[in-house]
Amino acid sequence: GRWTLQVEHQGRELTFRARFLLLAAGYYRYEDGHRPHWPGMEQFQGLLVHPQHWPEDLDYSGKRVVVIGSGATAVTLVPALAERAAHVTMLQRTPTYVVSRPAEDTQANSLRRWLPTRLAYALSRWKNILLQMFFFKVARRWPKGTARYLLDKVKQALPPGYDVEKHFKPPYKPWDQRVCVVPDDDLFRAIGRGKASVLTETIECFLENGLQLASGQQLQADIIVTATGLELQTAGGMQVVVDGRDVVWSDHFIYKGMMYSEIPNLANVFGYTNASWTLKADLTSEYFCRLIGYMDRRGYGVFRPRPRGPLKAMPFVDFSSGYFERARGRLPKQGDRQPWKLSRNYAVDLMNLRYGSMASPEMVFGPDPS
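In what follows, the accompanying structure is described. (Residues numbered from 1 in each chain as written. Predicted model: local features only at pLDDT ≥ 70, side-chain atom pairs only at ≥ 80, totals over all residues. Heavy atoms only, no water.)

1. Digging into unusual backbone geometry
- Each neighbour pair has its own omega, and for Q338 with P339 the value is 0°, a cis peptide bond.
- Here P339 shows up in the loop between α8 (322–327) and α9 (346–354).
- Its identity is not glycine, yet D184 carries a phi of approximately 50°, on the positive side.
- Located in the positive-phi region is D185, a residue other than glycine, with phi close to 60°.
- Positionally, D185 belongs in the loop between β9 (180–183) and α6 (186–192).
- For D185, a relative accessible area of 27% gives the class partly exposed. (Helix = DSSP H or I, 4+ residues; strand = E, 2+ residues; numbered from the N terminus. Buried < 20%, exposed > 50% of the residue type's maximum accessible area, 1.4 Å probe, protein only.)

This is the structure we're talking about:
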C-alpha cells in the first residue's frame, strides 16, 4: 500500500514514501532528441545542432542555415532564424499541414476591455475550445475538404506561383499527424521576403560544406539543425516496480487517459495531442483530487484499475507520426471501449472527469494494507 521512491539529488540518494504517485513528467525523453544517422555526418565542417541541445552562444548571423524537419519545431525555428541568418532552408522529406493563426486573440482583447476579467476569460477560453473541437471534428469527417481549405489558405499567404502542392501537401489526412500552427504568417512572410525557403527532398549524404540530396542537388550550409523530433517514454523514464516485478508499460491498458490496469495508486498527467495540453492536465489533476477525497470518505487505501471482460489492444495515440511509431513498444495501450479508450474531446472528458461518478465496476478499491 505504499510507494518507495529512490531519488538522486545533487549526488545524494534520498528515499521517500508515499501513498499515491501523480506523474507529471510529460512523455518526451529530454536527455537526447531523435537524430537519424546519415552517411558522411562526421565529415561536415560546419555546426551540427539538435534543438534539444541548443548552444546558448550559437551565432547564426549571416550564416547559411539548413533546418532538417517539417514539424512544429522546424516551422517555429525557420522564421526566427531568418531574422539574422543569410538564408534558412527548411529541408523536409515529407510536408506537414500548417495553418496560420493570429499570435494575439483580438476578440479576447476586445472582450477584456468591455467585460469583467473573469467573464471575458471564460468566454474567450470556451470560444477557443469550441473552435478547436469543431475544426478537429470537421477535419476527421471531411478530410479532403479540410485539406483543400488548408492548402488554399497557404496559397493566399505565399507569393503567386509558389508550388504549394509539393511543399505543403502531405500524403496523409489532416490530424493523422499534428497540424502545425504558424503565428501571424511568420513562416510565409520569411519565404515571401526571400529569407527562407522550403525544399522537399531526401538526403543522400553529408558533405564537408553541406548536404548532397538524392536529386543530385548540393545544398550548402554553415549550420545544420536536425529538427527531427524527440523520443517518447512513460513515467519520465523511471523504473517502476510493483510487488517486486518491473512494470512493462506496453503490457498495460490506460484507464480514463490517466491510470493503468493493475497498477495501484498511480496516475499520469497526459494532455491532449489535438488541443491544448493543459485542458486535459487540469481535468486529470481535478479528478485525482476527487479520487483521493472519495477514498478518504470511505476508508479506502488502495485503488487498482482492472478491466472487466476482454479489451482489444489499440495504439496509445492514434497518430502516424514517426515519434509515436518508434515508441509503440514502450507505451501503454488503449482499449476499444470506455473507460479504457482515450478521449480527444474536452466536452466529453469534462463531464466524465469533473462531474462523473467515482464508482466504477472497472476500478477496484481496497483498505490500506498497512
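2. Description of the environment of L219
- You can see L219 is positioned in strand β13 (residues 218–220).
- Through-space distance from the C-alpha of L219 to that of R306 is 55 Å; in sequence the pair is 87 residues apart.
- The residues touching L219, leaving out its near neighbours within four places in the chain, are V66, T89, L91, L199, N209, G210 and L211. (Contact = heavy atoms within 4.5 Å.)

3. Focus on helix α4 (residues 143–157)
- Taking 1.5 Å of rise per residue, 15 residues should cover 21 Å, and α4 covers 21 Å from first to last C-alpha, within 8% of that figure.
- Every buried residue belonging to α4 is among P143, T146, A147, L150, L151 and V154, and all of these are buried. The arc enclosing the buried residues of α4, seen along the axis, measures out at 130°, which places them on a common side. Facing away from the buried side of α4 by more than 90 degrees, the exposed set consists of K144, R148 and Q156.
- In this fold, the buried residues of α4 make contact with β8 (98–101), α3 (117–141), α5 (164–168) and α6. (Expected span 1.5 Å × (residues − 1). Arc of directions from axis to C-beta.)

4. Topic: the pairing of strand β10 (residues 196–200)
- The buried count for β10 comes to four of five residues, which makes it a mostly enclosed element.
- Here five bridges tie strand β7 (residues 87–92) to β10, and the two strands are oriented parallel to one another. Across the sheet, the residue bridging to L91 is L199, located in β10. (Pairing = 2+ DSSP bridges.)

5. Remarks on the environment of I191
- Position of I191 relative to the elements: it lies in helix α6.
- Taking relative accessible area as the criterion, I191 reaches 8% and is therefore assigned buried.
- Spatially, the C-alpha atom of I191 lies 8.4 Å from that of P79, the residues being 112 residues apart in sequence.
- Once residues within four sequence positions are removed from consideration, I191 is found in contact with L158, Y162, F168, A196 and V198.

6. Looking at the pattern of salt bridges
- Per the counting criterion, the structure on display carries 11 salt bridges.
- For E286, the salt bridge is made with R354, and the minimal N-O distance between the two is 2.8 Å. Of this pair, E286 sits in helix α7 (residues 277–298) while R354 sits in helix α9; the two residues are 68 residues apart in sequence, bridging distant segments of the chain.
- Overall, the relative accessible area of 28% leaves E286 in the partly exposed class. (Salt bridge = Lys/Arg side-chain N within 4 Å of Asp/Glu carboxyl O.)

7. Comments concerning the packing of aromatic side chains
- In the structure shown here, the tally under the stated rule is 19 aromatic pairs.
- In textbook terms, an aromatic cluster arises when at least three aromatic residues are bridged by ring pairs, as seen for Y27, Y28, Y30, F270 and W277.
- Looking at R141, its charged tip hangs above the ring of W142, at a distance of 5.7 Å from the centre.
- The ring of F253 has K333 lying over it, and the distance from NZ or CZ to the ring centre is 4.7 Å. (Phe/Tyr/Trp six-rings, centres within 6.5 Å; stacked < 30°, edge-to-face > 60°. Lys NZ or Arg CZ within 6 Å of the ring centre and 35° of its normal.)

8. Digging into empty space enclosed by the protein
- The tally for this structure, following the rule as stated, stands at one cavity of 30 Å³ or more.
- When its volume is computed, the largest cavity comes out at roughly 50 Å³.
- Across the lining of the largest cavity, the residue classes tally to six nonpolar, four polar and no charged. (1 Å grid on protein atoms, 1.4 Å probe; cavity = no way out; pocket = protein on both sides within 12 Å on 5 of 7 lines; lining within 4 Å. Points joined across faces, edges and corners; volume = space filled by probe spheres on them. Nonpolar A, V, L, I, M, F, W, Y, C, P; charged D, E, K, R; others polar.)

9. Describing the environment of L91
- Examined against the element boundaries, L91 turns out to sit in strand β7.
- L91 sits 111 residues away from T202 along the chain, and the two C-alpha atoms are 8.4 Å apart.
- Non-local contacts of L91, meaning those with residues more than four positions away in its chain, are made with V66, V67, I68, G69, L199, E201, I203, L211, L213 and L219.

10. Considerations on the sheet that holds strand β14 (residues 223–226)
- In space, the five strands of this open sheet follow the order β5-β14-β6-β7-β10, with parallel pairing throughout. Only two strands of the sheet have a single neighbouring strand rather than two, namely β5 (47–49) and β10. Going across the sheet, the axis of each strand differs from the next one's by a mean of 20°, ignoring polarity.
- Two strands pair when backbone bridges link them, and strand β6 (residues 64–68) and β14 are joined in this way by four bridges, in the parallel orientation. Within β14, the position partnered with V66 by the bridge is I224.
- Lying on the sheet, helix α1 (residues 72–82) is in contact with β6, β7, β10 and β14; it crosses β7 at an angle near 165°. (Axes fitted to C-alpha atoms, helices over the stretch in contact; angles between N-to-C directions.)

11. Observations regarding the nonpolar core
- Core analysis: the biggest nonpolar cluster contains 31 residues, and V65, V67, V88, V98, F168, L187 and F188 have the highest contact counts within it.
- Ranked by residues supplied to this core, first place goes to α1 with six residues.
- Residues contacting F168, with those up to four places away along its chain left out, are P95, T96, Y97, V98, L151, V154, L158, Y162, L187, F188, I191 and V198.
- M133, Y287, M295 and L350 belong to the second-largest nonpolar core, a separate cluster that totals 25 residues. (Core = buried A, V, L, I, M, F, W, Y, C linked by side-chain atoms within 4.5 Å.)

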